[in-house]
Amino acid sequence: MGTPAVDTVALPWAERCSSLVGSVIDSSTALLQQQKHDIVRFAMGSPAAEAIPTELLDELSGKALREYGAASFDYAATEGDPALRTALLDVLAATPESTTSDRLLVTSGGMQGLDLASKLFINPGDLVAVEAPTYTNGTATVLSYGARVLEVPVDEDGMRVEELPELVERFGPPRVIYTIPNFQNPSGTTLSLPRRRLLLELAGRWGSVVIDDDPYGWLRFSGDDLPSLRELGAGNPLVVSVRTFSKILAPGLRVGWVDADPRVIRRMINAKQAMDTCTNLPAQLLVAEFLAGGHLADHLVGLRPEYRRRKEAMQDALRQHLPFARFTDPDGGFFLWLTLPDEVDTSALFDVALAEGVAFIPGRALSASGAFGNSLRLCFASTDPARSLEGVQRLARAVHSVH
Ligand SMILES: Cc1ncc(COP(=O)(O)O)c(C=O)c1O
């Protein structure tokens, strides 16, 4: 009996495979790596290469290796290595997000926090309210657990929370509300204080879990800090706060944390054990050294003005070269949201722009319903002002050639 040709064998896909939608954002990393020509990269939400303290990290990883020897390559405790947990609790103790050991889980980046929260609370068919536009890796995660997505529009004060009751009348209460309160990815807008309060009140009324995804909160470069959902909802078991070192230190480390009710954390530990056992230990030890050595505060003090300078440089370039475009004015974080005339389709623009030597994320890729066809996301953080000007000039050439 011969073996059938590989591509004629029907694979017995699980039903959930149809909900594994992937991420245009992440796919752009591989796509850009394949390009041979020079590209200004406004697409990925990566910190500036110059913002990664490589010499210090080299020194600290050597220190960790000398201190822990072979043990630094062993399995770690699922909840996180004790050195990192202690250092992180100490750092948080000096912030309004001071927390306790039983509320803390070290994760493999913020994405794992989103996945664990979704795994614990979403049944197939459940409604999940998300911002429109939003970080579609977040919606990809909830969709992978079979959620139905309810989009809530965003304006300059973040999610239009006051529209939720009407949406709930029409569609029913959401099981989960997913929000990025600070310098939202992709719009750059920040959820106002009254809306934060209303969101928690409504979530309490409906028994909805609030996934408070805040990778950028410590990167505010103008205006005053607002109390986080974690702070406003202190002790509220419905609030699950997802945090990461990806934007404030380095994304390749894949180290983040969740702060949530101890019951939630205990279940998350079980789920993580069935997922990846523990977060990469050498990376945890490196972050532990970074925090325990007191380097984070200085690092953030250096990042904030630099990111502000980069945002302003990009905005100046946009005003000069794309005067008819509208764009947001974030007080922190990484992203600007740019809106072009209605008739410009930024998905089609993407290929032209790539050929021209500039990359961005098209608006449609940042909304569950594929809206925002004439908008796009630009990451200002990764690119220095001179190069940013070059990128915006290339973008303008691409826009003029399609419009
Ligand atoms: C809003 C938001 N949440 C979560 C993440 C994922 O973080 P991590 O890279 O640590 O998994 C990102 C990264 O872009 C993000 O912007």
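What you are looking at is a predicted structure, and each value in this text was computed from that prediction instead of being measured.

Check the secondary structure of the protein chain and you find 13 helices and 14 strands. Relative to the globule expectation of 22 Å for 403 residues, the C-alpha radius of gyration of the protein chain, 21 Å, shows essentially globular dimensions. With the C-alpha coordinates of the protein chain rotated into their principal frame, the extents come out at 70 × 55 × 50 Å. Sorting the 403 residues of the protein chain into buried and exposed places 55% on the buried side.

Let's shift gears to the pattern of salt bridges. Applying the stated criterion across every chain yields a total of 26 salt bridges. Between Arg309 and Glu306 there is a salt bridge whose closest N-O contact spans 3.1 Å. Separated by 3 residues within a single helix, Arg309 and Glu306 lie in helix α11 (residues 295-321), roughly one turn from each other. Between Asp316 and Arg319 there is a salt bridge, with the nearest N and O atoms lying 2.9 Å from each other. You can see Asp316 and its partner Arg319 sitting in helix α11, 3 residues apart, about one turn around the helix.

For the rest of this paragraph, the subject is the domain arrangement of the protein chain. The domain boundaries assigned to the protein chain delineate domain 1 (14-52 + 297-402) and domain 2 (67-295). Domain 1 and domain 2 are separated by 24 Å when their C-alpha centres are compared. Contact residues are listed per partner, giving 37 residues for domain 1 and 34 residues for domain 2. For the pair domain 1 and domain 2, the summed buried area comes to about 2900 Å², and 61% of that belongs to carbon and sulfur atoms. Contact with domain 2 buries surface across domain 1, with Arg304, Asp331 and Phe335 losing the most and accounting together for 19% of the total. Between the two partners, domain 1 and domain 2, sit 1 salt bridge. The partner of Asp331 in a salt bridge is Arg220, and the shortest N-O contact between them spans 3.9 Å. Linking domain 1 to domain 2 there are 16 residue pairs in polar contact (both at pLDDT 80 or more). Counting residues per element, the ones that place at least two in the side of domain 1 that touches domain 2 are α1 (24-34), α11 and β11 (335-339).

The next thing to look at is the packing of aromatic side chains. Counted according to the given criterion, the structure contains 9 aromatic pairs. Aromatic side chains Phe334 and Phe335 sit 6.2 Å apart centroid to centroid with 65° between the ring planes, which places their arrangement in the edge-to-face category. One exposure class covers both Phe334 and Phe335, and it is buried. Residues Phe350 and Phe360 carry aromatic rings whose centres are separated by 5.7 Å and whose planes lie at 80° to one another, so their mutual orientation is edge-to-face. A residue pair is termed long-range when its members are at least 10 positions apart, and Phe350 in helix α12 (residues 346-356) and Phe360 in the loop between β12 (358-359) and β13 (361-362) qualify at 10 residues.

This part is about the site of the ligand. Not every one of the 13 residues close to the ligand is listed here, only the nearest: Asp213, Tyr216, Thr244, Ser246 and Lys247. Here an oxygen atom of the ligand and a backbone polar atom of Gly110 are 2.7 Å apart. Contact between the ligand and Thr244: an oxygen atom at 2.6 Å from a side-chain N or O atom of the residue. Here the shell around the ligand is composed, by residue class, of 5 nonpolar, 5 polar and 3 charged.

Across the 5 residues of β11, 5 count as buried, placing the element largely inside the fold. Neither face of β11 is exposed, since Phe335, Trp337 and Thr339 on one face and Leu336 and Leu338 on the opposite face are all buried. Note: strand β10 (residues 326-327) against β11, 2 bridges, orientation antiparallel. Directly across from Phe327, in β11, lies its bridge partner Leu338. Where β11 lies against strand β14 (residues 375-379), 5 bridges are found, and the strand directions are antiparallel. What sits directly across from Leu338, in β14, is Leu376.

The positions UniProt marks with the feature "domain: Aminotransferase class I/classII large" (unreviewed entry) are residues 73-395. End-to-end, the C-alpha atoms of residues 73-395 are 45 Å apart, and along that stretch the chain is 41% helix and 17% strand.

Moving on, we come to the sheet that holds strand β3 (residues 127-132). Within the open sheet, the 8 strands sit side by side as β2-β9-β8-β7-β6-β3-β4-β5. Their pairing is mixed. The sheet is open, and its two borders are formed by β2 (104-107) and β5 (158-159), each paired with just one other strand. In this sheet, strand β9 (residues 256-259) lies alongside β2 in antiparallel orientation, the contact comprising 4 bridges. Bridge assignment links Leu104 to a residue of β9, and that residue is Asp259.

We now examine a nonpolar patch on the surface. There is a patch of nonpolar side chains on the surface, built from Val9, Leu11 and Trp13 and spanning about 360 Å² of accessible area. In this structure Trp13 comes out as exposed when scored by relative accessible area, which is 65%.

Here we take up the packing of helix α2 (residues 54-68) against helix α10 (residues 281-292). The geometry of α2 relative to α10 is characterised by a closest axis approach of 9 Å and an angle of 110° between their N-to-C directions. As the angle between them shows, α2 and α10 are arranged roughly perpendicular. For the pair α2 and α10, the crossing hand works out as right-handed. Residue-level contacts link Leu56, Leu57, Leu60, Ser61, Lys63, Ala64, Glu67 and Tyr68 of α2 to Leu285, Leu286, Glu289 and Phe290 of α10. Among the residues forming the contact of α2 with α10, the class breakdown is 8 nonpolar, 1 polar and 3 charged.

Cut-off values and rules
Sequence order as written defines the numbering, with residues in each chain counted from 1. pLDDT decides what is reported in this predicted model: residues at 70 or higher carry local features, side-chain atom pairs at 80 or more are listed and counted, and totals for whole chains, interfaces and linings draw on all residues regardless. Remark: hydrogens and water are excluded; side-chain values derive from all non-hydrogen atoms of the structure. Segments assigned H or I by DSSP are reported as helices when at least four residues long, segments assigned E as strands when at least two residues long, and all are numbered from the N terminus. Every radius of gyration here is taken over C-alpha atoms, with the globule rule written as 2.2 Å times N^0.38, N being the number of residues. Exposure classes here rest on a 1.4 Å probe applied to the protein chains alone. A residue is buried below 20% of its type maximum, exposed above 50%, and partly exposed in between. Throughout this description, the term salt bridge denotes a Lys or Arg side-chain nitrogen within 4 Å of a carboxyl oxygen of Asp or Glu. Residue ranges for the domains trace back to a domain assignment, done automatically or taken from a database. The contact criterion used throughout is that any non-hydrogen atoms of two residues lie within 4.5 Å. Values labelled buried area give the accessible surface lost by two parts on being combined, using a 1.4 Å probe and summing over both. Counting of polar contacts relies on pairs of N or O atoms within 3.5 Å, with two restrictions inside protein: one atom must be capable of donating a hydrogen and the other of accepting it, and residues adjacent in sequence are counted only when both atoms are side-chain atoms. In this analysis, rings of Phe, Tyr and Trp, with Trp reduced to its six-membered ring, are considered paired at centre separations within 6.5 Å, and the interplanar angle assigns stacked below 30 degrees, edge-to-face beyond 60, and tilted for intermediate values. Nearness is judged by heavy atoms alone; a residue qualifies as near a molecule or strand once a single heavy atom is within 4 Å of it. In this classification, the charged set is Asp, Glu, Lys and Arg, the nonpolar set is Ala, Val, Leu, Ile, Met, Phe, Trp, Tyr, Cys and Pro, and all remaining amino acids, among them Gly, are polar. One bridge is not enough; two strands pair if DSSP finds at least two bridges between them. UniProt positions are given in the numbering used here, feature names are shortened, and annotations may be inferred rather than shown by experiment. Patches draw on residues past 30% relative accessible area with no salt bridge. Two like charges within 9 Å are joined, as are two nonpolar side chains (Val, Leu, Ile, Met, Phe, Trp, Tyr) within 5 Å. The accessible surface values rely on the Shrake-Rupley method and a 1.4 Å probe; as for residues, cover is taken only from the protein chains in view. Fitting a line to C-alpha atoms yields each axis, with helices limited to the stretch in contact; the angle taken between N-to-C directions then spans 0 to 180 degrees. Should an angle fall under 35 degrees it is taken as roughly parallel, and over 145 as roughly antiparallel, whereas 65 to 115 is taken as roughly perpendicular and any remaining angle as oblique. For any helix crossing, the convention is left-handed if the near helix is rotated counterclockwise from the far helix by under a right angle, and right-handed if that rotation is clockwise.

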